[in-house]
Amino acid sequence: NAADFSGATVMDVGTGTGLLAFFSVQAGARKVYAVEMAKEMAACARLLIKGNNMESVIEVLECAVEDTKVEGKVDIIVSEPIGFLLVHERMLESFVKARDMYLKPGGLMMPSQGVIMACPFTDQTLWDEQVRVDPASSIYICVPEISLTTKYLHHHHHHHHHQIESQYAVFF
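As the structure is a prediction and not an experimental result, all values here were calculated from the model.

Analysis parameters
Residues numbered from 1 in each chain as written. Predicted model: local features only at pLDDT ≥ 70, side-chain atom pairs only at ≥ 80, totals over all residues. Heavy atoms only, no water. Pairing = 2+ DSSP bridges. Helix = DSSP H or I, 4+ residues; strand = E, 2+ residues; numbered from the N terminus. Right-handed = clockwise from strand over helix to strand, strands pointing away. Buried < 20%, exposed > 50% of the residue type's maximum accessible area, 1.4 Å probe, protein only. Contact = heavy atoms within 4.5 Å. Axes fitted to C-alpha atoms, helices over the stretch in contact; angles between N-to-C directions. Arc of directions from axis to C-beta. Core = buried A, V, L, I, M, F, W, Y, C linked by side-chain atoms within 4.5 Å.

On to the pairing of strand E3 (residues 58–61). Sheet topology note: the strand E2 (residues 31–35)/E3 ladder contains 4 bridges and is parallel. Bridged to tyrosine 33 within E3 is glutamate 59. With helix H3 (residues 39–51) bridging E2 and its parallel neighbour E3, the resulting β-α-β unit is right-handed.

Locating threonine 9 in the fold gives a position in strand E1 (residues 9–13). On the basis of relative accessibility, which here comes to 8%, the residue threonine 9 falls in the buried class. When residues no more than four places from it in sequence are discounted, the contact partners of threonine 9 are Arg30, Lys31, Lys73, Val74, Asp75, Ile76 and Lys104.

So, about the sheet that holds strand E5 (residues 103–110). Sheet architecture is open: 5 strands sit in the order E3-E2-E1-E4-E5, paired in parallel fashion. Of all strands in the sheet, those bounded by a partner on one side alone are E3 and E5. When the angles between neighbouring strand axes are averaged without regard to direction, this sheet yields 20 degrees. Here 4 bridges tie E1 to strand E4 (residues 74–79), and the two strands are oriented parallel to one another. Note that in E4 the partner of methionine 11 across the bridge is isoleucine 77.

Let's shift gears to helix H2 (residues 19–26). When H2 is considered as a whole, its buried residues turn out to be Ala21, Phe22, Ser24 and Val25. Each buried residue of H2 sits inside an arc of 160 degrees when the element is viewed along its axis, so together they form one side. Looking at the buried side of H2, the elements it contacts are helix H1 (2–5), E1, E2, H3, E3 and E4. Just downstream of H2 lies glycine 28, where phi reads positive at about 110 degrees.

Take the pairing of E4 next. With respect to burial, E4 is a largely interior element, 5 of its 6 residues being buried. Pairing of E4 with E5 involves 4 bridges; the strand directions are parallel. Across the sheet, the residue bridging to isoleucine 77 is methionine 109, located in E5.

The biggest cluster of nonpolar side chains holds 19 residues, and the ones touching the most others in it are Val10, Val32, Ile49, Ile58 and Ile76. Taken together, the elements giving at least two residues each to this core come down to H2, E2, H3, E3 and E4. Apart from the residues lying within four places of it in its own chain, the contact partners of isoleucine 58 are Ala21, Phe22, Val25, Val32, Ala34 and Ile49. Counting 17 residues, the second-largest nonpolar core is a separate cluster that includes Val65, Val74, Ile77 and Leu103.

This is how it looks when you write it as structure tokens:
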């Protein structure tokens, strides 16, 4: 995707060590905003950026996406939002917020979609830990945290053509 990055302004959401920010610069980005709310990670990213002589291009913003103060909009938003099962680290919400706040019309989001594959299996110990049985009925109650995120993403579905498509395959 190097052509996309040539001369582009980029926001890296949850930059961590700054890896995607470095790749963006190598691909020709003119300016990268590296957003990282964890203090130690932001410090680590700054060190690595300095060590690679990229401090003129990469700016570390030590805050949550919603608290960033960036002039204007960016051409590309990159992120490595993948926890296990895509939604675990709850980075997708930040990725979507960044899009709504900072992405130029026609701008790019990378990655732009994710697919969750699931395969059913059973494990009695896990079942006993995770599922509680309501004694008043014979119904098993299991409340996965995933439901919040799917609602959140679908809620935004109509507003923007750069969509994170969420595909969930769930087996019971």
